[in-house]
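# An overview of the molecular structure
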Amino acid sequence: MKSILENRQALTYAVSQVAEVAGYLWQKGWAERNGGNITLNITEFVDDGIKSLPAISDVKQIGATLPYLKGCYFYCKGTNKRMRDLARWPMEHGSVIRILDDCASYVIIADHPVMPTSELPAHLSVHNRLIEKGSPYKASLHTHPIELIAMTHCKKFLEKDVATNLLWSMIPETKAFCPRGLGIIPYELPSSVKLAEATIEQLEDYDVAMWEKHGVFAVDVDIMAAFDQVDVLNKSALIYIAAKNMGFEPDGMSQEQMQEMTRAFNLPK
């Protein structure tokens, strides 16, 4: 069967970025077994040929009605699929779905009838909100960065903006490249409606949401940018933990130094 990627350079590039990021997640130890998920809004790459593709699955219910997703298309990592395999074979371990006109169901259209992640309702709910508010963000990423998760086992880092300010203070690039910081979500059952709702709420103010004792959820213009947000934050966590392992509490940048960064790079206050 001909792949949906054939003769579609822009779509191929977007999916190849997903595959590249999936490889990074595995290499970093952030994607054990089938851990983590990626969903990418590919509607901008859809041509008449894609629109005419027949369904290769039964109609599947999302579990929510998401009116801003009418007519949208998404590339989704498959359920129970491993990032290390998706990195090599993205169209065998992920699939393209079409949201139907009722905005409450979808069908798989390519390349194989790979069922999307079990967390699809949460991911699509986030994308629905992104479109609703006119955001340019098209990619959502859930992964398990080790050092950031470790920090959520300490209660003080679960207080509002405590972790954000600490991570910003470890290295200037964190403030520059993650200017909205890290939102904290107290523990909720994975794949639950409560977790999805809390994630949407935190993403109003932050680009990355931290799920206590679980992982992060990041959004950005493309999947590489979403990965970069998490990578920069986790680098700061590594610096903090390295200093602690050396036997001292790191000083961190002062508030004055971080304010200087904010002014110099015209960052959100």
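Structure first, text after, so check above.
Only a predicted model underlies this, so the values are computations on that prediction, with no experimental measurement involved.

## Focus: the packing of aromatic side chains
Under the counting rule described, the total for this entry stands at four aromatic pairs. Three or more aromatic residues joined by ring pairs make a cluster, and in this case those are Tyr 24, Trp 30 and Phe 227. One Lys or Arg, Arg 84, reaches over the ring of Trp 26 and ends 4.7 Å from the middle of that ring. It is Lys 175 that lies over the ring of Trp 168; its NZ or CZ is 3.6 Å from the centre.

## Some remarks on unusual backbone geometry
Residue Asp 111 follows Ala 110 across a cis peptide bond; omega there is -25 degrees. Topologically, Asp 111 is positioned in the loop between strand S5 (105–110) and helix H4 (120–132). In this structure, Cys 103 takes a positive phi of about 60 degrees despite not being glycine. As for its placement among the helices and strands, Cys 103 is situated in the loop between strand S4 (94–99) and S5. Overall, the relative accessible area of 5% leaves Cys 103 in the buried class. At Lys 213, a residue that is not glycine, the phi angle is positive and equals roughly 55 degrees. Within the secondary structure, Lys 213 sits in the loop between strand S8 (208–211) and strand S9 (215–220).

## Quick look at the packing of helix H6 (residues 162–170) against helix H9 (residues 223–245)
Across the interface, H6 lies against H9 with an axial gap of 8 Å and an inter-helix angle of 80 degrees. In terms of orientation, H6 and H9 fall into the roughly perpendicular class. Contacts from Leu 166, Leu 167 and Met 170 of H6 reach H9 at Leu 233, Ser 236, Ala 237, Ile 239 and Tyr 240. Its residues assigned to classes, the contact of H6 with H9 comprises seven nonpolar, one polar and no charged.

What counts, and where the lines are drawn
- Note on numbering: residues in each chain are counted from 1, in written sequence order.
- Totals for whole chains, interfaces and linings use all residues, but because this is a predicted model, local features are given only for residues with pLDDT of at least 70 and pairs of side-chain atoms are given and counted only at 80 or more.
- Working from all heavy atoms in the structure, the side-chain values ignore hydrogens and water.
- The criterion for an aromatic pair is that two Phe, Tyr or Trp rings (for Trp, the six-membered ring) have centres within 6.5 Å, with stacked assigned to planes under 30 degrees apart, edge-to-face to planes over 60 apart and tilted to the rest.
- Two limits define a charge over a ring: the Lys NZ or Arg CZ must be within 6 Å of the ring centre, and within 35 degrees of the ring normal.
- Secondary structure counts use DSSP, requiring at least four H or I residues in a row for a helix and at least two E residues in a row for a strand, with both numbered from the N terminus.
- The cut-offs for exposure are 20% and 50% of the maximum accessible area for each residue type, with area from a 1.4 Å probe on protein chains only; residues under the lower value are buried, those over the upper are exposed, and the others partly exposed.
- Only the stretch in contact is used when fitting a helix axis, every axis being a line fitted to C-alpha atoms; angles between N-to-C directions are given from 0 to 180 degrees.
- Note on angle classes: values under 35 degrees are labelled roughly parallel, values over 145 roughly antiparallel, values of 65 to 115 roughly perpendicular, and the remainder oblique.
- The contact criterion used throughout is that any non-hydrogen atoms of two residues lie within 4.5 Å.
- When residue character is reported, Ala, Val, Leu, Ile, Met, Phe, Trp, Tyr, Cys and Pro are called nonpolar, Asp, Glu, Lys and Arg charged, and the others, Gly included, polar.

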